[in-house]
There are 2 protein chains.
Amino acid sequence: MGISKTELFTKKQNELANIARALGHPARIAILQHVVKINACICNDLVGELGLAQATISQHLKELKQLGLIQGTIEGTSVCYCIDPKVWEKYKKLFSEFFLEVKQASKANCSPDCC
Amino acid sequence: MGISKTELFTKKQNELANIARALGHPARIAILQHVVKINACICNDLVGELGLAQATISQHLKELKQLGLIQGTIEGTSVCYCIDPKVWEKYKKLFSEFFLEVKQASKANCSPDCC
DNA sequence: CCTATTAATCGTAATATTGCATTGAAGCGA
DNA sequence: TCGCTTCAATGCAATATTACGATTAATAGG
């Protein structure tokens, strides 16, 4: 019904999914990459950099902020964004663990011609 | 307008976002974890394992298949799913690279009290 | 052939997301 | 103070996603 049944899953599964969903938009990937590239702060170069409207970018920034991936501090009339290295590191680890789960899965339970 | 302006972004950004979006649902995380855990193949234990309807799970499996993360081979009357290690490895690398971009971002361009 | 099992697909409803124009608030310079 | 700039918040329209019941298709086993 358009709503995820989050109660069926573990906290960790939901957490992973939330982060992944936040990264699941090229604009947000681009925003993060640009913030990282400029190395620290950014206000609304993003509007010029990506081809999206200011309102749209603001919305994407909001989502990233909610996840804690970036911080915004007021800098006079503009806002200065930078990533939060601690959160970034935490999420990086979460994903690494997830991807590492596979290792070298053997084909034990599999019929010979499966997969 | 509800549609992502993918043409504004690089191929790599879109690719990353696509994978992330696919991982951006706890059911798909759970499916992947279960497939990995059982180590090779799975049919529709998933329906029992997660509390979702068969149609819903089938839909999630379809998305994962479209991404190439898992393969399904017909096994009599049931279908056997397993992850594709090559694709898994490829995506793992993509994400690692993305997360590594940050490294130890200095605060060069930043005002003293920013971030 | 008949039936049960399994999974894909279709149709539908509810909800979420994306993108933007517009509005609102707050700081800055004249 | 009066604009001007910068960004956040809101509200809308278009589209996507999530979930499920019902149906369909394929196969195995009698």
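Residues numbered from 1 in each chain as written. Chains lettered and ligands numbered in written order. Predicted model: local features only at pLDDT ≥ 70, side-chain atom pairs only at ≥ 80, totals over all residues. Heavy atoms only, no water.

**What to know about the packing of helix α1 (residues 11-23) of chain A against helix α4 (residues 54-67) of chain A**
Residues and elements named next belong to chain A.
Working step 1: Running from N to C, α1 and α4 cross one another at 155°; their axes reach a closest spacing of 10 Å. Judged on the interaxial angle alone, α4 and α1 are roughly antiparallel. Regarding α1 and α4, the two cross each other, and that crossing is left-handed. Mapping the contact onto sequence places Asn 18, Ile 19, Arg 21 and Ala 22 in α1 and Glu 63, Leu 64 and Leu 67 in α4.
Working step 2: Looking at the contact of α1 with α4, its residues break down into four nonpolar, one polar and two charged. (Axes fitted to C-alpha atoms, helices over the stretch in contact; angles between N-to-C directions. Helix = DSSP H or I, 4+ residues; strand = E, 2+ residues; numbered from the N terminus. Parallel < 35°, antiparallel > 145°, perpendicular 65-115°, else oblique. Left-handed = near helix turned anticlockwise from the far one by under 90°. Contact = heavy atoms within 4.5 Å. Nonpolar A, V, L, I, M, F, W, Y, C, P; charged D, E, K, R; others polar.)

**What to know about the environment of A:Phe95**
Working step 1: With respect to the helices, strands and loops of the structure, A:Phe95 is situated in helix α5 (residues 85-100).
Working step 2: With a relative accessible area of 2%, A:Phe95 lands in the buried category.
Working step 3: Placed 75 residues apart in sequence, A:Phe95 and A:Ala20 show a C-alpha to C-alpha distance of 9.0 Å.
Working step 4: Ignoring sequence-local partners within four residues, the contact set of A:Phe95 consists of A:Leu16, A:Ile19, A:Ala20, B:Leu23, B:Phe95 and B:Phe99. (Buried < 20%, exposed > 50% of the residue type's maximum accessible area, 1.4 Å probe, protein only.)

**Description of the confidence of the model for chain A**
Working step 1: Considering every residue of chain A, the mean pLDDT works out to 84; 83% of them sit at 70 or more.
Working step 2: Ranking the elements of chain A by mean pLDDT puts strand β1 (residues 70-75) of chain A last with 84 and α1(A) first with 95. (pLDDT = per-residue confidence, 0-100.)

**Some points on the side chain of A:Asp84**
All names here are of chain A.
Working step 1: Looking at the secondary structure, you find Asp 84 in the loop between β2 (78-83) and α5.
Working step 2: Buried and unpaired, Asp 84 has no salt bridge, with Lys 86 as the nearest side chain of opposite charge at 6.2 Å.
Working step 3: A polar contact of 3.0 Å, which involves the side chain of Asp 84, links it to the backbone nitrogen of Lys 86.
Working step 4: Apart from the residues within four sequence positions on either side, Asp 84 is in contact with Gly 68, Leu 69, Ile 70 and Gln 71. (Lys, Arg positive; Asp, Glu negative; His and termini not counted. Salt bridge = Lys/Arg side-chain N within 4 Å of Asp/Glu carboxyl O. Polar contact = N/O pair within 3.5 Å; in protein donor to acceptor, adjacent residues only side chain to side chain.)

**Let's talk about the pattern of salt bridges**
Residues and elements named next belong to chain A.
Working step 1: Applying the stated rule across the entire model yields 10 salt bridges over all chains.
Working step 2: A salt bridge links Lys 90 to Glu 15; the nearest nitrogen and oxygen atoms lie 3.5 Å apart. With Lys 90 in helix α5 and Glu 15 in helix α1, this residue pair connects regions lying 75 residues apart in the sequence.
Working step 3: Residue class for Lys 90 comes out partly exposed when judged on its relative accessible area of 47%.
Working step 4: The partner of Glu 63 in a salt bridge is Arg 28, and the shortest N-O contact between them spans 3.1 Å. You can see Glu 63 sitting in helix α4 and its partner Arg 28 sitting in helix α2 (residues 26-37), a full 35 residues away along the chain.
Working step 5: Note on Arg 28: relative accessible area 6%, which makes it buried.
Working step 6: Ionic contacts of the salt-bridge type, sharing partners, join the residues Arg 21, Arg 28 and Glu 63 into one network.

**Remarks on α4(A)**
Residues and elements named next belong to chain A.
Working step 1: Here α4 is 14 residues long and its end C-alpha atoms lie 20 Å apart, about the 20 Å a rise of 1.5 Å per residue gives.
Working step 2: Turning to α4, its buried residues number three or more, namely Ile 57, His 60, Leu 61, Leu 64 and Leu 67. For α4, the angular spread of buried residues about the axis comes to 115°, placing them on one side. The outward face of α4, more than 90 degrees from its buried face, is lined by the exposed residues Ala 55, Gln 59, Lys 62 and Gln 66.
Working step 3: Among the residues trailing α4, Gly 68 stands out with phi positive, at a value near 90°. (Expected span 1.5 Å × (residues − 1). Arc of directions from axis to C-beta.)

**Here's the deal with the packing of aromatic side chains**
Working step 1: The tally for this structure, following the rule as stated, stands at nine aromatic pairs over all chains.
Working step 2: Note on A:Trp88 and B:Phe99: the rings are 5.5 Å apart at their centroids and 70° apart in plane angle, and the pair reads as edge-to-face. Linking A:Trp88 in helix α5 with B:Phe99 in helix α5 (residues 85-100), this pair reaches from one chain into another.
Working step 3: For A:Trp88, a relative accessible area of 1% gives the class buried.
Working step 4: We classify B:Phe99 as buried; its relative accessible area is 3%. (Phe/Tyr/Trp six-rings, centres within 6.5 Å; stacked < 30°, edge-to-face > 60°.)

**So, the pairing of strand β2 (residues 78-83) of chain B**
All names here are of chain B.
Working step 1: One ladder, built from six bridges, connects strand β1 (residues 70-75) with β2; its direction is antiparallel. Paired with Glu 75 across the two strands is Ser 78, which belongs to β2.
Working step 2: Between the antiparallel neighbours β1 and β2 lie two residues, among them Gly 76 with a positive phi of about 70°. (Pairing = 2+ DSSP bridges.)

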